[in-house]
Amino acid sequence: MASPFPANSSIIFFIITFSFCTFSVTRSSTVGVGYISRLFEIQDRERAPPAVQISAAGGALDRLIPSHSSSFEFRIVSKERCGGESCFIVHNSPSLNDKSDLFSRISGVTGVELSAGMHWYIKHWCGAHVSWDKTGGVQLSSVPKPGSLPRVQDSGILIQRPMPWHYYQNAVTSSYTFAWWDWERWEKEIDWMALQGINLPLAFTGQEAIWQKVFQNFNISSSDLNDFFGGPAFLAWARMGNLHGWGGPLPQTWLDQQLTLQKKILARMFEFGMTPVLPAFSGNVPAALKTIFPSASITRLANWFTVGGDSRWCCTFLLDATDPLFVEIGKAFVQEQSREYGRTSHIYNCDTFDENTPPVDDPDYISSLGAAIYRGMQSGDENAVWLMQVNLFPSCEAWFRIDALKALLHSVPFGRLVVLDLFAEVKPLWPTSDQFYGIPYIWQVIIRFPSFLLLYVKDQRAIQSTINSLVSWMLSMVGVGMSMEGIEQSPVAYDLMAEMAFQHDAVDVKMWIDTYSSRRYGRYVSSMQDAWSILYHTVYNCTDGTYDKNRDVIVAFPDIDPTLISFPKVFTRQRYDGNIKPISRRAFVEETVDSSYDQPHLWYSTSEAVRALELFIKSGDELSGSDTYRYDLVDLTRQALAKYANELFLMIIEAYRLGDVRGVAHQSQKFIELVEDMDTLLACHEGFLLGPWLASAKQLAQNEEQKKQYEWNARTKITMWFDNTEEEASLLRDYGNKYWSGLLKDYYGPRAAIYFKYLMESLEKGDGFHLKDWRREWVKLTNDWQSSRNLYLVESIGDALNASKWLHGKYLPDPDTY
């Protein structure tokens, strides 16, 4: 998802400190691994045959770089060959046809290690780069031709995993990004997972079809489920019990289609030797269950972000864990999945009260709930292990006191529960819970929609000072992972994060950035190295612990009276006279005003970011043919212009407060023109187009009515959801916002224009800002746009380098721009 730059410093801070630790600490012989060793033994026995895993790795190679399909030989080896751990080994091998012709032999414990080993080799020995198509795709031009691949040392290269699991996904990624994927897109993603060494991915697709079959056995009809399932773009929140019915009902064709897709997904994951994590029953039930089982203990949960608590969408039903029906439904769901899919990896994800509040604040109740959830899993699979994310605890701090957390974690037998410390890069729970009271856990990076991720730690010595304490920190850790809410952005973040799953030694991040630049673009370009050095010290140097960076005015417009908008405490800029001529500079120091408007977060020198952009532009003579370069160029230009737009907005508000009609008019026009120009820029790369998102939604439809429904789902997700009245905007708006061509021109720009219109009318009439009128017109714009069917570009147009040069010259030539 396109959005402002990094997440926050603590992300890489922990990962790097982790990598500084000694090998004996970071290898997987931890207490936590010992607890779940039985599961590893079962999974090793049930894994796909070596020939199948080798074939899967070979298929990924053929799809990635078909010209080199005969340049690698894959072999499955035992953990004993790897020192008792999971690993991959790279060797030189003579060609079977020509002893002078060398190819690479990749050995690994599973198909995932084979693919990861191949990727490691072409990345670190051939200078290749792999990212998603939308972020520039792959750079393979630096890979020598077959028969000329570089040699590794004669003894080979052994790379072990410091932890057995590399986790991937978030419960909401399935809706923010995967909602409209077909098998072709999923096949690419599973290949990408394998190349990055990911072996523990969520596999949530198609579960509604399983629930339909299960609930039919409890006399709940398909029509009863129309009000239970969410629409195609909102399934994640219906699964979590946050909402029901919104965006639905789900057509039967959707249910069948997604179940077929899930079977393909799981089959391929198993072929690679992955451990796909399936869903389990958390207690979320259809309203009809109350009628069919009137004596069942069913509670209605509280409102989750609806306007006025609208019962059509909010306040879902929870079956009490102490009710015998709870375990019965849980068992049926696990068993139905096993029947449909033919097998299971024995790991199930289940999160209770995810962003909801428990009906009872009592450790005994929490303990009974946890025990019942696990009994439901175990009744359907005697080897079941519960994988539980714990971001529910920070969202319910008043309820989930430490004793309640301990009660929940200890309600499940040791070795049968693994915790995902989901928000560990900002608000980790393991330090305050004695490492989850001994329960094995996975340290997670949540990555909430950044364009780029922090790669620089301000004081490297601060890392070294924590090394000694890390020994005790990681005794229960069994993995690391990435739990992003949306993907297809931040290629640098995922490149580094995925590599951490195999790193034992300290990572020199500056050196890593230098090599990243060369790999990403396929060659060394001095000006580009300088540009990334600037970004490394500025944009990637966020150490303030915040995480939500995507609050730029264009995509997160303030719904507030302009007199209540606060300025930064120190805000220095040019002052203008009535003829729009600069007359002075001064610093405005104002008190922060509490408001519903989140100030865009800025933690770096914008002039330095513009300097990096200038170096990017300078590099265009050598790199304009690179798709990875064009993506980064557009993204960096967008970022600089977005920060400039924030300044323009504050100038407009200042002119309004000064009663300067001409100033408001001039700066407002400049703001709208900037948005339209940015739309033109974004159209230069497919990774920033609205059209593919909408087209992929309609492509899954079976008829015109479904096309209309799916497109409405897709448009609503990225603007304002889920409900609103004529005069009140939805509480969930601009969260999944996008810098996408088409969206800026037809939605964000017109929305800002409405606001500016009311600013002008307020000054001209002298009767104050009409907030309700602005809000009414904004809501109407939103509803109209969500229901419209106009088409948008699905292929990029224009030249990214020329567009960036033009916009830099138009808006950013002056060092005092900001």
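Nothing here was measured: the structure is a model prediction, and the numbers come from that model.

Under the counting rule described, the total for this entry stands at 40 salt bridges. Linking E704 and R789 is a salt bridge whose minimum nitrogen-to-oxygen distance equals 3.2 Å. Taken together, the residues span a long stretch of sequence, with E704 in helix 28 (residues 704–717) and R789 in the loop between helix 30 (771–787) and helix 31 (800–811) at a distance of 85 residues. On the basis of relative accessible area, E704 is assigned to the partly exposed category, the value being 49%. You can call R789 partly exposed: its relative accessible area is 32%. The salt bridge partner of R715 is E711, with a shortest N-O separation of 3.0 Å. Of this pair, R715 and E711 both sit in helix 28, four residues apart, which is roughly one turn of that helix. Of the two residues examined, R715 and E711, each falls in the buried class. Ionic contacts of the salt-bridge type, sharing partners, join the residues R63, E187, D191, R268 and E271 into one network.

Where burial is concerned, most of strand 2 (residues 87–94) is hidden: six out of the eight residues are buried. As paired elements, strand 2 and strand 6 (residues 157–160) share four bridges and run antiparallel to each other. Bridge pairing links C87 to Q160 in strand 6.

A few words on helix 27 (residues 691–699). Since one α-helical turn is 3.6 residues long, residues separated by three or four positions face the same way. Helix 27 sits mainly inside the fold: seven of its nine residues count as buried. Buried within helix 27 are the following residues: G691, P692, W693, L694, S696, A697 and K698.

The subject of this paragraph is the confidence of the model for the protein chain. Taken over all residues, the pLDDT of the protein chain has a mean of 84, while the share at 70 or more is 80%. In the model, residues 1–29 has pLDDT below 50 throughout and makes 145 contacts with residues more than four positions away in sequence or in other chains. With pLDDT under 50 throughout, residues 570–595 is counted as low confidence; its partners more than four residues away or in other chains account for 54 contacts.

It is the contact of helix 25 (residues 627–657) with helix 26 (residues 661–682), at a shortest axis distance of 9 Å, that shows an interaxial angle of 165°. With respect to helix 26, the axis of helix 25 lies roughly antiparallel. For the crossing formed where helix 25 meets helix 26, the hand is left-handed. Across the contact of helix 25 with helix 26, the residue classes break down as 17 nonpolar, four polar and two charged.

On to the environment of S490, then. Checked against the element boundaries, S490 lands in the loop between strand 17 (477–482) and helix 20 (491–500). Here the alpha-carbon distance between S490 and D635, two residues 145 residues apart in the chain, equals 9.8 Å.

Attention now moves to helix 21 (residues 509–521). Under the 1.5 Å per step criterion, the end-to-end length of helix 21 is 18 Å for 13 residues, consistent within 8% with the ideal 18 Å. Along helix 21, the positions that sit buried rather than exposed are V509, W512, I513, Y516, S517, R519, R520 and Y521. The N-terminus of helix 21 is capped by D508, whose side-chain oxygen sits 3.3 Å from the backbone nitrogen of K510. Note on helix 21: the residue one or two positions beyond its end, G522, has a positive phi of about 85°.

Further remarks concern unusual backbone geometry. Going from G248 to P249, the amide bond is cis rather than trans, its omega being 0°. Tracing the chain through its elements places P249 in the loop between helix 10 (235–239) and helix 11 (252–272). Positive phi is not limited to glycine here, since N219 has a value of about 65°. Structurally, N219 can be placed in the loop between helix 9 (207–216) and helix 10. Looking at N219, the relative accessible area reads 59%, which means it is exposed. In this model, E488 sits at a positive phi of 65°, which is unusual for a non-glycine residue. Looking at the element boundaries, E488 is found in the loop between strand 17 and helix 20.

Our next topic: the sheet that holds strand 11 (residues 298–300). Strands sit in the order 10-12-11 across an open sheet of three strands; the sheet is antiparallel. Each end of this open sheet is capped by a strand with a single partner; those strands are strand 10 (284–285) and strand 11. In this sheet, strand 12 (residues 317–319) lies alongside strand 10 in antiparallel orientation, the contact comprising two bridges. Its bridge partner lying in strand 12, N284 is registered against L318.

Take the state of the cysteines next. In this structure the tally under the stated criterion is two disulfides. Note on cysteine connectivity: C314 is disulfide-linked to C315, with sulfurs 2.3 Å apart. Judged by the sign of its S-S torsion, about -60°, the cystine formed by C314 and C315 is left-handed. In terms of burial, C314 and C315 fall into one category: buried.

Rules used in this analysis
- Residues numbered from 1 in each chain as written.
- Predicted model: local features only at pLDDT ≥ 70, side-chain atom pairs only at ≥ 80, totals over all residues.
- Heavy atoms only, no water.
- Salt bridge = Lys/Arg side-chain N within 4 Å of Asp/Glu carboxyl O.
- Helix = DSSP H or I, 4+ residues; strand = E, 2+ residues; numbered from the N terminus.
- Buried < 20%, exposed > 50% of the residue type's maximum accessible area, 1.4 Å probe, protein only.
- Pairing = 2+ DSSP bridges.
- pLDDT = per-residue confidence, 0-100.
- Contact = heavy atoms within 4.5 Å.
- Axes fitted to C-alpha atoms, helices over the stretch in contact; angles between N-to-C directions.
- Parallel < 35°, antiparallel > 145°, perpendicular 65-115°, else oblique.
- Left-handed = near helix turned anticlockwise from the far one by under 90°.
- Nonpolar A, V, L, I, M, F, W, Y, C, P; charged D, E, K, R; others polar.
- Expected span 1.5 Å × (residues − 1).
- Polar contact = N/O pair within 3.5 Å; in protein donor to acceptor, adjacent residues only side chain to side chain.
- Disulfide = S-S within 2.5 Å.

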